[in-house]
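Descriptive analysis of the structure
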Amino acid sequence: MTEGPLGIGIIGCGYVADFYGATLPNHSQLNLVSAFDVDAERMASFCARYGAEEAADVDEMLADPRVVIVTNLTPPHAHDVINQRVVAAGKHLYSEKPLGLSSEKITCLLDQAERNRVLVAGAPCSVLGGAAQTLAKAIRDGVIGSPRLVYAELDNGALPYLGSERWTSPRGIPWPTASEVAIGCTLEHAPYYVTWLVALFGRVRHVYAEAFTLLNDQWPESLIVAPDFTVGVLTLDSGVICRITCGWVAPADLSLTVVGTEGALRVEDAWSYRAPVTLRRRQQPTGKQHDYLAPPVVLPAVDSGWPDTSGSYKDSHDMDVSRGVAQLADAVTGVGSLALDAFDHAHVTDVCLMLSSGTSGPVPSRPSTMVRSE
């Protein structure tokens, strides 16, 4: 068992790196050692702000014995190559989403990780937040009876009209509009709820999906535009059915509703660890009313078991993104385990790749060590 904080290396010092730099100090088991970015100015500003050493290149970081976990925050198109290099070097990997851009390359990554006996985990880690934990407890406690249906909404507003070219991180790093539009809203956002679904109801067996590009004519012709609206119906191992939508077209809606035989649970914001969870119990309607649910009641928040980070990080969302890295560190040192292991993250990515491309069919089979809470 390793004693003391584990050394962390970060590859990619762009916009999202500020989320990690600001929240790594929340976790005493993590020690930021070094960072690297192909943009020297971006790397220098990150290291100066968050107290990391500048690595000469990726090879230097991977050869550094102080670095135990490498966090890959590069743009998605670089994930396959960087992730493979990390596990090939014998480092534990925490990857921003997606874990990879094809099921085949993800399989190669997991095979390499197994050969080198390193752990692989990835974003998002919102399943570790209080909202997800409160929802999970309510389902385990049977407050809505038997869950049957989930509506998962991940609409972020009409992106071409939101002025994303003016969004910046605390260091003034621009939001990577071109890269985000090219990779698409579904690979970026669907994991926030697919991870919850897998943790709550088991693996996704089958996907029915459609993908559309509706606002491509609202962008400059020079941009590559991925589908900006996708809708899918997921069949989960438990028999629960989920309709999931992702888009950069409709007005913002980040809610999740779980409908059971005795009522419904709802979370309004996938991106808030402290979002309240409301319960509406089944009641007998009078007359010809169609609303059979009682008024919503806010459930007591469950303690997530993680440090209270309120006030330590402010942005357009309330997420301590470094909880996932901290949980990986706990798994490496043997003091904890992963909520979702490498095969689970690979499965989530497989589902999101299907949704993003509008592909229907059975989800590729992968091993699983996760035991779902009943």
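Residues numbered from 1 in each chain as written. Predicted model: local features only at pLDDT ≥ 70, side-chain atom pairs only at ≥ 80, totals over all residues. Heavy atoms only, no water.

Some words on the overall build of the protein
Across its full length, the protein holds 11 helices and 15 strands. Relative to the globule expectation of 21 Å for 374 residues, the C-alpha radius of gyration of the protein, 21 Å, shows essentially globular dimensions. Viewed in the frame of its principal axes, the protein has a C-alpha envelope of about 75 × 55 × 40 Å. Counting across all 374 residues of the protein, residues that qualify as buried make up 56%. Of the accessible surface of the protein, which amounts to about 16100 Å², a share of 53% is contributed by carbon and sulfur atoms. Across the protein, the centroid of the 27 positively charged side chains sits 8 Å from that of the 42 negatively charged ones. (Helix = DSSP H or I, 4+ residues; strand = E, 2+ residues; numbered from the N terminus. Rg over C-alpha atoms; globule rule 2.2 N^0.38 Å. Buried < 20%, exposed > 50% of the residue type's maximum accessible area, 1.4 Å probe, protein only. Areas by Shrake-Rupley, 256 points an atom, 1.4 Å probe, with all protein chains shown as cover. Lys, Arg positive; Asp, Glu negative; His and termini not counted. Charge placed at Lys NZ, Arg CZ, Asp CG, Glu CD.)

Details of the pairing of strand 1 (residues 6-11)
When a strand is regular, its side chains alternate between the sheet's two faces. For strand 1, a buried count of six out of six residues is recorded, marking the element as mostly surrounded by other parts of the structure. Here strand 1 shows two buried faces, one formed by Leu 6, Ile 8 and Ile 10 and the other by Gly 7, Gly 9 and Ile 11. Where strand 1 meets strand 2 (residues 30-36), six bridges bridge the pair, whose relative direction is parallel. From the neighbouring strand, Leu 6 faces strand 2, where its bridge partner is Leu 30. On the question of chirality, the crossover connecting strand 1 to the parallel strand 2 by way of helix 1 (residues 17-23) is right-handed. Note that strand 1 and strand 4 (residues 69-72) share four bridges and pair parallel. In the sheet register, Gly 9 faces strand 4, and the bridge partner there is Val 70. (Pairing = 2+ DSSP bridges. Right-handed = clockwise from strand over helix to strand, strands pointing away.)

Description of the packing of aromatic side chains
For the coordinates displayed, the defined rule picks out seven aromatic pairs. Summarising the aromatic geometry, the rings of Phe 46 and Tyr 50 are spaced 4.9 Å apart at their centres and angled 50° between planes, so their arrangement reads as tilted. Residue Phe 46 and its partner Tyr 50 are located together in helix 2 (residues 40-50), separated by four residues, close to a single helical turn. Taking relative accessible area as the criterion, Tyr 50 reaches 18% and is therefore assigned buried. Relative to Trp 248, the ring of Trp 175 lies with its centre 6.4 Å away and its plane at 75°, an arrangement referred to as edge-to-face. Taken as a pair, Trp 175 in the loop between strand 7 (147-155) and helix 7 (177-183) and Trp 248 in the loop between strand 10 (241-247) and strand 11 (256-260) lie far apart in primary sequence, 73 residues in all. Each member of the pair, Trp 175 as well as Trp 248, carries the same accessibility label: buried. Chaining the aromatic ring pairs together yields one cluster made of Trp 167, Trp 175 and Trp 248. Over the aromatic face of Tyr 151 sits the side chain of Arg 243, whose NZ or CZ is 3.9 Å from the ring centroid. (Phe/Tyr/Trp six-rings, centres within 6.5 Å; stacked < 30°, edge-to-face > 60°. Lys NZ or Arg CZ within 6 Å of the ring centre and 35° of its normal.)

With respect to the sheet that holds strand 8 (residues 204-212)
In space, the nine strands of this open sheet follow the order 14-13-12-11-7-10-9-8-15, with mixed pairing throughout. A single partner strand is all that each edge strand has here, and the edge strands are strand 14 (297-298) and strand 15 (361-362). Of the pairings in the sheet, the one linking strand 13 (residues 277-281) to strand 14 comprises two bridges and is antiparallel in character. The residue of strand 14 that forms the bridge with Thr 278 is Val 298. Set on the sheet, helix 6 (residues 130-140) makes contact with strand 7, strand 11, strand 12 (263-267) and strand 13; between it and strand 12 the angle comes to about 170°. Running over the sheet, helix 9 (residues 191-201) touches strand 7, strand 9 (229-236), strand 10, strand 11 and strand 12 and is turned about 165° from strand 7. (Contact = heavy atoms within 4.5 Å. Axes fitted to C-alpha atoms, helices over the stretch in contact; angles between N-to-C directions.)

Here's the deal with helix 4 (residues 79-88)
Within helix 4 the residues assigned to the buried category are His 79, Asp 80, Ile 82, Asn 83, Val 86 and Val 87. Contacts from the buried residues of helix 4 go to strand 1, helix 3 (58-63), strand 4, strand 5 (92-95), helix 5 (103-116) and strand 6 (120-122). Among the residues trailing helix 4, Gly 90 stands out with phi positive, at a value near 80°.

Looking at the nonpolar core
Counting residues in each nonpolar core, the largest one holds 116 residues, and the members touching the most others are Tyr 20, Leu 135 and Leu 265. With residues near it in sequence (within four places) discarded, Leu 135 still touches Trp 196, Leu 200, Leu 256, Val 258, Leu 265, Val 267 and Val 277. (Core = buried A, V, L, I, M, F, W, Y, C linked by side-chain atoms within 4.5 Å.)

Digging into the packing of helix 4 against helix 5
Helices that pack against each other are described as a pair by the angle of their axes relative to one another and the distance between those axes. The contact between helix 4 and helix 5 brings their axes to 9 Å, and the two run at 10°. Between helix 4 and helix 5, the crossing angle belongs to the class labelled roughly parallel. Once helix 4 is placed against helix 5, the crossing between them reads as left-handed. Facing helix 4, whose interface residues are Asp 80, Asn 83, Gln 84, Val 87 and Ala 88, helix 5 presents Lys 105, Cys 108, Leu 109, Gln 112, Ala 113 and Asn 116. (Parallel < 35°, antiparallel > 145°, perpendicular 65-115°, else oblique. Left-handed = near helix turned anticlockwise from the far one by under 90°.)

Details of the sheet that holds strand 5
Taking strand neighbours across the sheet as the criterion, the six strands line up as 3-2-1-4-5-6 in an open arrangement whose pairing is parallel. What marks the edges here is a single partner per strand, and that holds for strand 3 (53-54) and strand 6.

A word on the pattern of salt bridges
Applying the stated rule across the entire model yields 18 salt bridges. For Arg 274, the salt bridge goes to Asp 318, with nearest N and O atoms at 2.9 Å. One end of the pair, Arg 274, is in the loop between strand 12 and strand 13; the other, Asp 318, is in the loop between strand 14 and helix 10 (323-333), with 44 residues separating them in the sequence. Given the relative accessible area of 44%, Arg 274 is considered partly exposed. (Salt bridge = Lys/Arg side-chain N within 4 Å of Asp/Glu carboxyl O.)

A look at the confidence of the model for the protein
Confidence in the prediction for the protein averages 93 pLDDT; 95% of positions are at 70 or higher. Here residues 370-374 is a poorly scored stretch, pLDDT under 50, and it has 13 contacts once near neighbours within four places are set aside; other chains count. (pLDDT = per-residue confidence, 0-100.)

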